[in-house]
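In case you want the letters, here they are:
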Amino acid sequence: MKKAAVGAAVIGAAAMCAAAALIVRQRMRNSCRWARAMAILKEFEEKGGTPTAKLRQVADAMTVEMHAGLASEGGSKLRMLISYVDSLPTGEEEGVFYALDLGGTNFRVLRVQLGGKGRGVLNQEFAEVPIPPHLMVGTSKELFDYIAEELAKFAAEEGEGFHLPTGRQRELGFTFSFPVMPLSICSGTIIRWSKGFSIADAVGQDVVAELTKAMERKGLDMRVSALVNDTIGTLAGGRYTNKDIAAAVILGTGTNAAYVERIQAIPKWHGPPPKSGEMVINMEWGNFRSSHLPLMEYDHALDAESLNPGEHIFEKITSGMYLGEIVRRVLLRMAEEAALFGDTVPPKLKIPFVLRTPDMSAMHQDTSSDLRVVGNKLKGILEISNTNLKTKKVVVELCNVVATRGARLAAAGILGVLKKMGRDTMREGESNKTVIAMDGGLYEHYTEYRKCMENTLGELLGEDLSKCVSVEHFNDGSGIGAALLAASHSRYSHDEI
């Protein structure tokens, strides 16, 4: 019996030792995994870092590319497109004007009654119309006939609050948010389609001519007096209410900037100088690229797998289309190399663009003590359950690091524009007030991104200049802004009403 008891004790002790050893090995393995996850996060912080000195280099590079883009077509990755908008709204515009905003699976039509003499927008109405999927891949005639028909219905409902002077043709500002080569203030050829549209026979055609022919077929007496994009619309809408606005930046699904340039500073302009002596430039700054941008392996892989490799690099590290995808790629690496979410890599984490920037924003801005929002997002989107608090904190910090890099680079871009305009220094005897009109869902809804971008701009400008430069949110540049540009470029703009 004694021998049996001793044997049992020995076996029990051995089992306990084995269990203890297993626990130790497990803890060591977990510790190694955690160290690897932290190393991946730290690597992003360091290689994707945006110290002030680097941001100033990015800003200087942006300014250099702006000069090159203005000098000649194709002289820079920045297109620096001449918009043919040579006069922005002043507040004196009066009458009824329409806007058409086409840039996605819905389009909007809008009308405004402008009061003139600084009285602003007296009345406005709008309607949103879905585009049937088959028209997005059909013919040019089918799409524009459909749009013209809906626009005609909207115009027919013009009510008591809108007063078009007798004998005048209705005028329209057309926001077309697809790549276009401008030919004049009211014409431009379609370069290509995007966002799910693929209408081959429209490529290379004048988009205004296509719409005009459709309106004629539908018996709608309306003239397109301005063809713009949402960035220029934001600039126009902002200037209408604030005369200090000199540039506009869109930070949304994509990103772009537009600003007012002196005509003498545009060597590639060969036409007669406009009366204003100025021209709005559509920078297409999403295509900016520089060796100073802190690009990482995640960015290179995302770019290589995109529909436009080598293009829109700045957009791919700063805008709402891509920030969530960058977070997903880093999380996937953490899952593969550090088993962040357990021994098995979550299958959903392997799906490109499954994690959208609004979801990233919600996780980043989760203030609950147990990071409940983070847990819900991981479970609902990636099917990752029972995530511990420590892991959720890593996810939040990763969102912060990715958003911070994007926001600080966006601020550097703005500084580059200010430098090109000569608004980065204070000058005695001049009005030093400069306002940047901002719009886009990323800027509007991602609070941490917005605050970081604005704080970084202040950091780059310095305390004194920061008092003279500010950013102001202006909503609906693609709607009201387009209608205002139709008014400022109206064929009746010099007539007495």
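Residues numbered from 1 in each chain as written. Predicted model: local features only at pLDDT ≥ 70, side-chain atom pairs only at ≥ 80, totals over all residues. Heavy atoms only, no water.

### Structural notes on the overall build of the chain
Rules: The helix and strand labels rest on DSSP assignments: H or I over at least four residues marks a helix, E over at least two residues marks a strand, and numbering proceeds from the N terminus. The contact definition used throughout considers only heavy atoms, calling two residues in contact when any of these lie within 4.5 Å. In this tally Asp and Glu are treated as negative and Lys and Arg as positive; neither His nor the chain ends contributes. For the purpose of locating charges, the reference atoms are NZ of Lys, CZ of Arg, CG of Asp and CD of Glu.
Counting its regular elements, the chain contains 15 helices and 13 strands. Across the chain, the fraction of contacts at a sequence separation of at least 24, relative to all contacts at a separation of at least 6, is 72%. Across the chain, 57 positive and 60 negative side-chain charges occur, with their mean positions spaced 10 Å apart.

### Let's talk about the pairing of strand β4 (residues 121–130)
Here is the rule we go by: Note: two strands are recorded as paired if DSSP finds a minimum of 2 bridges between them.
Note: strand β3 (residues 106–115) against β4, 9 bridges, orientation antiparallel. Its bridge partner lying in β4, N106 is registered against P130. Taken together, β3 and the strand that follows it, β4, pair antiparallel across an intervening segment of 5 residues, in which G116 is found at a positive phi of about 70°.

### Observations regarding the packing of helix α2 (residues 52–71) against helix α13 (residues 447–461)
How two helices sit against one another is set out by the angle between their axes and by the gap between those axes. This is how the line gets drawn: In this analysis an axis means a line fitted to C-alpha atoms, helices contributing only their contacting stretch, and an angle means the value between N-to-C directions, from 0 to 180 degrees. Note that the term roughly parallel is reserved for angles under 35 degrees, roughly antiparallel for angles over 145, roughly perpendicular for angles of 65 to 115, and oblique for everything else. When residues are grouped by polarity, Ala, Val, Leu, Ile, Met, Phe, Trp, Tyr, Cys and Pro land in nonpolar, Asp, Glu, Lys and Arg in charged, and all others, Gly among them, in polar.
The N-to-C vectors of α2 and α13 enclose an angle of 85°; their axes lie 11 Å apart at closest approach. Taken as axis vectors, α2 and α13 run roughly perpendicular relative to one another. Contacts from T52, L55 and R56 in α2 reach T456, E459 and L460 in α13. Its residues assigned to classes, the contact of α2 with α13 shows 2 nonpolar, 2 polar and 2 charged.

### Observations regarding the sheet that holds strand β1 (residues 81–82)
Two strands in a sheet stick together by hydrogen bonds in their backbones, pointing the same way (parallel) or opposite ways (antiparallel). Spatial ordering of the open sheet is given by β1-β11-β10-β9-β12-β13, a layout of 6 strands whose pairing is mixed. Of all strands in the sheet, those bounded by a partner on one side alone are β1 and β13 (469–473). Across 2 bridges, the pairing between β1 and strand β11 (residues 278–282) is antiparallel. Bridge assignment links I82 to a residue of β11, and that residue is I281. Packing of helix α11 (residues 389–420) onto the sheet brings it into contact with β9 (245–251), β10 (255–262), β12 (434–439) and β13, and relative to β12 it is tilted by some 140°. Where α13 meets the sheet, its contacts fall on β9, β12 and β13, and the angle it forms with β13 comes to roughly 160°.

### Some points on helix α4 (residues 207–217)
Because each turn of an α-helix spans 3.6 residues, side chains separated by three or four positions in sequence point in the same direction. For the record, the criterion: Only protein chains enter the calculation, and the probe is 1.4 Å; a residue is then buried if its accessible area is under 20% of its type maximum, exposed if over 50%, and partly exposed in between. Summarising the geometry, the arc corresponds to the directions from the helix axis toward the C-beta atoms. In protein, a polar contact requires one atom able to donate a hydrogen and another able to accept it; more generally it is a pair of N or O atoms within 3.5 Å, and residues adjacent in sequence count only if both atoms are side-chain atoms.
Of all the positions in α4, only V207, V208, E210, L211, A214 and M215 are classed as buried. For α4, the arc enclosing every buried residue in end-on projection is 160°, short of the 170-degree limit, so these residues lie on one face. Elements that come into contact with the buried residues of α4 comprise β2 (94–102), α3 (140–156), β5 (170–176), β7 (187–190) and β8 (222–228). Backbone nitrogen of V208 and a side-chain oxygen of the N-cap are separated by 3.0 Å at the start of α4; the cap is D206. Phi for G219, located one or two positions after α4, is positive at around 70°.

### Regarding the pattern of salt bridges
Let me state the cut-off plainly: Whenever a carboxyl oxygen of Asp or Glu lies within 4 Å of a side-chain nitrogen of Lys or Arg, that contact is scored as a salt bridge.
Applying the stated rule across the entire model yields 32 salt bridges. A salt bridge links E43 to R333; the nearest nitrogen and oxygen atoms lie 2.8 Å apart. On the criterion of sequence distance, the pair formed by E43 in helix α1 (residues 2–47) and R333 in helix α8 (residues 323–338) is long-range, its members being 290 residues apart. Assigned by exposure class, E43 and R333 land together as buried. Note that D359 and K377 form a salt bridge whose closest N and O atoms lie 3.0 Å from each other. Note that D359 is positioned in helix α9 (residues 357–364) and K377 in helix α10 (residues 372–382), a separation of 18 residues in sequence. Using a relative accessible area of 25% as the deciding quantity, one classes K377 as partly exposed. A single network of salt bridges, built from pairs that share partners, joins R36, E43, K47, E297, R333 and E337.

### Some points on the nonpolar core
Operational definition: Take the buried Ala, Val, Leu, Ile, Met, Phe, Trp, Tyr and Cys residues and link them wherever side-chain atoms come within 4.5 Å; each set so joined is a nonpolar core.
Y259, M283 and W285 are the most contacted members of the largest nonpolar core, which totals 89 residues. Among the nonpolar cores identified, the runner-up in size contains 38 residues, and L100, V129, A202 and M215 belong to it.

### Some points on the environment of I185
Tracing the backbone through its elements, the reader meets I185 in the loop between β6 (180–184) and β7. Here the alpha-carbon distance between I185 and Y84, two residues 101 residues apart in the chain, equals 4.8 Å. Not counting residues within four places of it along the chain, the set of residues in contact with I185 comprises S83, Y84, V85, S225, A226, L227 and H489.

### Re the packing of α9 against α11
Selection criterion: Crossing handedness is read from the near helix: turned anticlockwise from the far helix by less than a right angle, it gives a left-handed crossing, and turned clockwise, a right-handed one.
At a closest axis distance of 9 Å, the pairing of α9 and α11 adopts a crossing angle of 120°. Considered as vectors, α9 and α11 are oriented oblique to each other. As for the relative orientation of α9 and α11, their crossing is left-handed in sense. Residue-level contacts link M360, M363 and H364 of α9 to V395, V396, C399, N400, V402 and A403 of α11. Class assignment of the residues belonging to the contact of α9 with α11 gives a composition of 7 nonpolar, 2 polar and no charged.

### Observations regarding the pairing of β6
Sheet topology places β6 next to β7; 4 bridges connect them, and they run antiparallel. Paired with M181 across the two strands is T189, which belongs to β7.

### Quick notes on the confidence of the model for the chain
Note the cut-off: Every residue is assigned a pLDDT by the predictor, reflecting its confidence on a scale from 0 to 100.
Here the chain shows a mean pLDDT of 90. Residues at 70 or above account for 92%. When the elements of the chain are averaged for pLDDT, α1 gives the smallest value, 68, and α2 the largest, 98.

### Examining the environment of N386
As for its position among the elements, N386 is in the loop between α10 and α11. Linking N386 and K54, residues 332 residues apart in sequence, is a C-alpha distance of 40 Å.

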